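The chain contents come next:
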Amino acid sequence: MSERPRLTVLSGPSGVGKSTVVAHMRKEHPEVWLSVSATTRKPRPGEKHGVHYFFVTDDEMDKLIANGELLEWAEFAGNRYGTPRGAVMERLEAGEPVLLEIDLQGARQVRESMPEAQLVFLAPPSWEELVRRLTGRGTEPPEVIERRLEAAKIELAAEPEFDETLVNTSVEDVARELLALMDVV
Ligand SMILES: Nc1ncnc2c1ncn2[C@@H]1O[C@H](COP(=O)(O)OP(=O)(O)OP(=O)(O)O)[C@@H](O)[C@H]1O
Ligand SMILES: Nc1nc2c(ncn2[C@@H]2O[C@H](COP(=O)(O)O)[C@@H](O)[C@H]2O)c(=O)[nH]1
């Protein structure tokens, strides 16, 4: 029997460009399966239920957690986020390359429960550029940006915990590097 492919976790501070890199990568390689998380955060304009996230109520999130349906979950900047366990396990069993885009707390939980997982940290070229990207995205009010930047300081300090670090200077370059780490190309 062939070895089960490793699960890859992509983490990094809010605004570093995780979603941008993953979207670019999946345009060329749709066979990379990206887990759709559940979240209590409200949708941003253009975000679709079941595509970008499963947008759930606090009660629904409580139930997902209580029923053990999440592989990992965390509270991040005032909202909860979690990875539905069933879909991830199905895809791994089917031999597909599986990617999770989650925060540091979630990455640490995956490391505990699935030590074979590959943890990749996406770093900004500089702190100033991270602030510019997060602010420039224009999706969060100033107080939420502040909370996310506070979290970013902790996340950047945790970079040595990861197996690999990619610096997001060029979306194209990082997408290529991530594909190589996932053994897709
Ligand atoms: N290499 C890059 N150079 C310049 N801008 C970039 C680059 N990568 C991403 N961006 C821009 O940075 C902003 C944040 O990117 P994105 O939303 O992908 O970040 P994220 O890490 O997924 O954030 P979050 O964790 O909050 O979901 C977006 O406006 C995006 O267009
Ligand atoms: N621990 C988890 N973190 C997750 C999950 N899904 C997304 N995230 C991370 O949350 C922050 C904020 O995301 P945003 O969409 O509100 O900007 C970011 O770091 C995501 O990677 C998850 O299932 N578990």
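That block above? That's the structure.
Being a predicted model, the structure only gives us computed values, none of them experimental. Along each chain, the written sequence defines residue order, and numbers are assigned to residues from 1. The naming scheme follows written order: chains are lettered A onward, ligands numbered 1 onward. Given that this is a predicted model, residues contribute local features only at a pLDDT of at least 70 and side-chain atom pairs are listed and counted only at 80 or more, while totals for whole chains, interfaces and linings are drawn from all residues. Heavy atoms from the whole structure form the basis of all side-chain values; hydrogens and water molecules are not counted.

Colleague: Lay out helix 7 (residues 171-181) with the relevant residues and their values.
Modeller: Looking only at helix 7, the buried set comprises V174, A175, L178, L179 and L181. Seen end-on, helix 7 carries its buried residues on one side only, within an arc spanning 160°. Tucked into the core, helix 7 has its buried residues touching strand 1 (7-11), helix 1 (18-28), strand 7 (98-101), strand 8 (118-123) and strand 9 (164-167). Positive phi shows up at D183, right after helix 7, with a value of about 60°. Categorising residues by exposure relies on relative accessible area from a 1.4 Å probe, with only protein chains included: less than 20% of the type maximum marks a residue as buried, more than 50% marks it as exposed, and the intermediate range marks it as partly exposed. Segments assigned H or I by DSSP are reported as helices when at least four residues long, segments assigned E as strands when at least two residues long, and all are numbered from the N terminus. Summarising the geometry, the arc corresponds to the directions from the helix axis toward the C-beta atoms. Contacts are assigned to residue pairs that have any heavy atoms within 4.5 Å of one another.

Colleague: Could you give an account of the sheet that holds strand 9, with specific residues and numbers?
Modeller: To summarise the sheet geometry, strands pair through backbone hydrogen bonds and adopt either a parallel or an antiparallel arrangement. Pairing is parallel in the open sheet, where five strands are placed in the order 2-7-1-8-9. A strand with exactly one partner marks an edge of an open sheet, and here the two such strands are strand 2 (33-34) and strand 9. Criterion used throughout: strands pair if DSSP finds at least two bridges between them. Bridging between strand 8 and strand 9 involves four bridges; their strand directions are parallel. In the strand pairing of strand 9, F121 is matched with T165. Only the stretch in contact is used when a helix axis is fitted, and all axes are lines through C-alpha atoms; the angle between N-to-C directions ranges over 0 to 180 degrees. Of the strands in this sheet, strand 1, strand 7 and strand 8 are in contact with helix 4 (residues 104-113), which crosses strand 1 at around 155°. Against the sheet, helix 7 makes contact with strand 1, strand 7, strand 8 and strand 9, and its axis sits at roughly 160° relative to strand 9, the strand it touches most.

Colleague: So what about the packing of aromatic side chains? Which residues, and what values?
Modeller: Two rings from Phe, Tyr or Trp (for Trp, the six-membered ring) form a pair when their centres sit within 6.5 Å of each other. Planes less than 30 degrees apart are called stacked, planes more than 60 degrees apart edge-to-face, and all others tilted. Tallied over the full model, the rule gives four aromatic pairs. Ring geometry for F121 versus F162: centroids 5.1 Å apart, planes at 55°, classification tilted. With F121 in strand 8 and F162 in the loop between helix 6 (142-157) and strand 9, this pair connects stretches of sequence that are 41 residues apart. Judged on exposure class, the residue F121 and its partner F162 are both buried. Put simply, the rings of Y53, F55, F76 and Y81 pair up and form one aromatic cluster.

Colleague: Break down the pairing of strand 1 for me, citing the residues and quoting the values.
Modeller: Most of strand 1 is tucked away: five of the five residues are buried. Residues L7, V9 and S11 line one face of strand 1 and the alternating positions T8 and L10 line the opposite face, and both faces are buried. The sheet contact formed by strand 1 and strand 7 spans four bridges and is parallel. Bridge pairing in strand 7 places V9 opposite L100.

Colleague: Give a detailed account of the side chain of S14, specifying residues and quantitative values.
Modeller: By secondary structure assignment, the location of S14 is in the loop between strand 1 and helix 1. Throughout this description, a polar contact denotes any pair of N or O atoms lying within 3.5 Å of each other; where both atoms belong to protein, one of them has to be capable of donating a hydrogen while the other can accept it, and for residues adjacent in sequence the pair is counted only when both atoms sit in side chains. In this structure the side chain of S14 is engaged in a polar contact, spanning 2.9 Å, whose partner is the side chain of R148. For S14, the contacting residues outside a window of four places in its chain are F76, L130, L134, R137, R148 and E155.

Colleague: Break down the pattern of salt bridges for me, with residues and values.
Modeller: The salt bridge criterion pairs a side-chain nitrogen of Lys or Arg with a carboxyl oxygen of Asp or Glu, the two atoms within 4 Å. This structure, assessed with the given rule, holds 14 salt bridges. A salt bridge links R137 to E140; the nearest nitrogen and oxygen atoms lie 3.0 Å apart. The class for E140 is buried, based on a relative accessible area of 12%. Taken together, the shared-partner salt bridges connect R41, R44, E47, R137, E140 and R148 into one network.

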